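The residues making up each chain are set out below.
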Amino acid sequence: MSDPKNPGANPPARKHTALPKAQTLIEALPWLTRHHGKTVVIKFGGNAMIDEDLKAAFAQDVVFLRHAGLKPVVVHGGGPQISAALDRHGIVSEFKAGLRVTTEEAMDVVRMVLAGQVQRELVNLLNQHGPLAVGLTGEDAHTITAVKHLPEIDGETVDIGRVGEITHIDTGAIEALLADGRIPVVSSIARSQDDDHVYNVNADTAAAALAAALGAETLMVLTDVEGLYEDWPNSDEVISRLTASQLEKLLPELSSGMVPKMEGCLHAVRNGVTTARVIDGRVQHSILLEIFTDEGIGTMVVPDGTTDGTKGDAK
């Protein structure tokens, strides 16, 4: 029985319904410690870019990373929005070698949509949580420089217009923003190395190049699948973890949509990035689940020679 004169002496037993929340926070502690102060580059795309609830959850995740002591950098494309805008302008969307054919006329639309629509919306979502996000394109401060990309199709070089191949990354502007506590939001447009034009650059490729140049701890690519499948379409078993060499062997077998994502992951981990992850952007808060839980989700790529272990061990 409790002492009425000293009610705190023997407090009654209470059911603490919030205890699971505390346990979740404690589970995140090792990962908070490990990732504190580290740069993480996140490629924003897929359904997460067009579903209102997923967009809001993405913004919350990125702001959470910033307040948890990480340095997030967001890179985005805008395929669905670009296609819709081209339709409105009467320009046919065409793809070759998995890339959008970008005429001079189409490039004007691409630039307008990426820098004037998608980026502004994302910056606004992030800034609902404070004065954090700053938008820029690869043109700004020479952040991304490219030359004309000429893919090969059936052994022949094909001209697909103002599509760029990255030749140089200047991280100065992004590093200055990070040092000021900001969240850079980068549109995948590049300045030309050899003329006065700009180039449309694949956002997966741009994110990987930026991650490597920044010496990021992690590259995260949001997509519309659970990860890299073991034996698609015969199985929906997701590969949880693989090394750079293992991924390189799989590349020729991958679907065209996954190739730039996995090539980006391969480039990142072979150029100083500790881990690269492809995660399901259709799952709310997938970024937090991947970084701050023991199990994680999606597929993680690590450099060759990384100690074998579970996905959690490699975080």
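The preceding data block contains the structure.
Residues numbered from 1 in each chain as written. Predicted model: local features only at pLDDT ≥ 70, side-chain atom pairs only at ≥ 80, totals over all residues. Heavy atoms only, no water.

Turning our eyes to something else, we now look at the pairing of strand 16 (residues 299-302). Burial along strand 16 is two-sided: the residues T299 and V301 and M300 and V302 are all buried. One ladder, built from three bridges, connects strand 14 (residues 241-243) with strand 16; its direction is parallel. When the bridges of strand 16 are listed, L242 appears paired with V301. Looking at chain direction, strand 15 (residues 275-280) and strand 16 are connected through three bridges and run antiparallel. Across the sheet, the residue bridging to V278 is T299, located in strand 16. (Buried < 20%, exposed > 50% of the residue type's maximum accessible area, 1.4 Å probe, protein only. Helix = DSSP H or I, 4+ residues; strand = E, 2+ residues; numbered from the N terminus. Pairing = 2+ DSSP bridges.)

This next bit is on the sheet that holds strand 11 (residues 189-192). With mixed pairing, the four strands of this open sheet are ordered in space as 9-6-11-12. Edge positions in the sheet fall to strand 9 (164-169) and strand 12 (198-200), since each of these pairs with one other strand and no more. Going across the sheet, the axis of each strand differs from the next one's by a mean of 45°, ignoring polarity. Two elements, strand 11 and strand 12, share three bridges in a ladder whose sense is antiparallel. (Axes fitted to C-alpha atoms, helices over the stretch in contact; angles between N-to-C directions.)

Throughout the structure, instances matching the rule amount to two aromatic pairs. Between F64 and F292, the aromatic rings sit 5.8 Å apart at their centres with planes inclined by 65°, giving edge-to-face as the arrangement. Here F64 is found in helix 2 (residues 52-67), whereas its partner F292 is found in helix 9 (residues 286-292), with 228 residues between them in sequence. Taking the relative accessible area as the measure of exposure, F64 reaches 40% and is therefore partly exposed. Assessed through its relative accessible area of 6%, F292 is described here as buried. Here R162 stacks its cationic end above the ring of Y199, 4.2 Å away from the centre of that ring. (Phe/Tyr/Trp six-rings, centres within 6.5 Å; stacked < 30°, edge-to-face > 60°. Lys NZ or Arg CZ within 6 Å of the ring centre and 35° of its normal.)

It is worth spelling out the side chain of T137 at this point. Examined against the element boundaries, T137 turns out to sit in strand 5 (residues 133-137). Since its relative accessible area comes to 7%, T137 is described here as buried. A distance of 3.0 Å separates a polar atom in the side chain of T137 from the backbone nitrogen of E139. The residues touching T137, leaving out its near neighbours within four places in the chain, are A115, Q119, T143, V186, S187 and I189. (Polar contact = N/O pair within 3.5 Å; in protein donor to acceptor, adjacent residues only side chain to side chain. Contact = heavy atoms within 4.5 Å.)

This paragraph deals with a negative patch on the surface. Together, E226, E230, D236 and E237 make up a negatively charged patch on the protein surface. Checked against the element boundaries, D236 lands in the loop between strand 13 (218-223) and strand 14. (Patch = residues over 30% accessible without salt bridge, like charges linked within 9 Å, V, L, I, M, F, W, Y side chains within 5 Å. Areas by Shrake-Rupley, 256 points an atom, 1.4 Å probe, with all protein chains shown as cover. Salt bridge = Lys/Arg side-chain N within 4 Å of Asp/Glu carboxyl O. Lys, Arg positive; Asp, Glu negative; His and termini not counted. Charge placed at Lys NZ, Arg CZ, Asp CG, Glu CD.)

As summarised here, the arrangement of the eight strands in space is 5-10-2-1-13-15-16-14, forming an open sheet in which the pairing is mixed. Here the strands that pair on one side only, and so sit at the sheet edges, are strand 5 and strand 14. On average, each strand axis in the sheet is tilted by 20° relative to the strand beside it, whichever way the strands run. On the sheet, helix 4 (residues 104-127) packs against strand 1 (39-44), strand 2 (71-76), strand 5 and strand 10 (183-187) and is oriented at approximately 165° with respect to strand 5. Taken strand by strand, helix 6 (residues 203-214) contacts strand 1, strand 2, strand 10 and strand 13, and its axis lies near 175° from that of strand 1.

Below, the discussion takes up the packing of helix 6 against helix 8 (residues 259-269). Orientation of helix 6 relative to helix 8, taken along the N-to-C sense of each, is 10°, at an axis distance of 8 Å. Relative to helix 8, the element helix 6 lies roughly parallel. Counting all contacts with helix 6, which are made through D204, A208, A209 and A212, the residues of helix 8 involved are P260, K261, G264, H267 and A268. Grouping the amino acids of the contact of helix 6 with helix 8 by side-chain chemistry returns five nonpolar, two polar and two charged. (Parallel < 35°, antiparallel > 145°, perpendicular 65-115°, else oblique. Nonpolar A, V, L, I, M, F, W, Y, C, P; charged D, E, K, R; others polar.)

Moving on, we get to the packing of helix 3 (residues 79-88) against helix 4. Remark: helix 3 packs on helix 4, axes separated minimally by 9 Å, with the N-to-C direction vectors making an angle of 130°. It follows that helix 3 is oblique to helix 4 by the angle criterion. Viewed along their axes, helix 3 and helix 4 form a crossing whose handedness is right-handed. Across the interface between the two elements, Q81, I82, A85 and L86 from helix 3 touch A106, V109, V110, V113, L114, Q117 and V118 from helix 4. Classifying every residue of the contact of helix 3 with helix 4 gives nine nonpolar, two polar and no charged. (Left-handed = near helix turned anticlockwise from the far one by under 90°.)

What follows concerns the environment of V273. Along the polypeptide, V273 turns up in the loop between helix 8 and strand 15. Each C-alpha atom, one on V273 and one on V302, is 8.5 Å from the other, the two residues being 29 residues apart in sequence. Residues in contact with V273, not counting those within four places in the same chain, are A211, A212, A216, E217, T218, L219, A268 and P303.

So, on to the environment of L177. Residue placement: L177 occurs in helix 5 (residues 172-179). In this structure L177 comes out as buried when scored by relative accessible area, which is 17%. Through-space distance from the C-alpha of L177 to that of A133 is 9.1 Å; in sequence the pair is 44 residues apart. Once you skip the residues sitting within four places of it in the chain, L177 turns out to touch V134, L136, R182 and P184.

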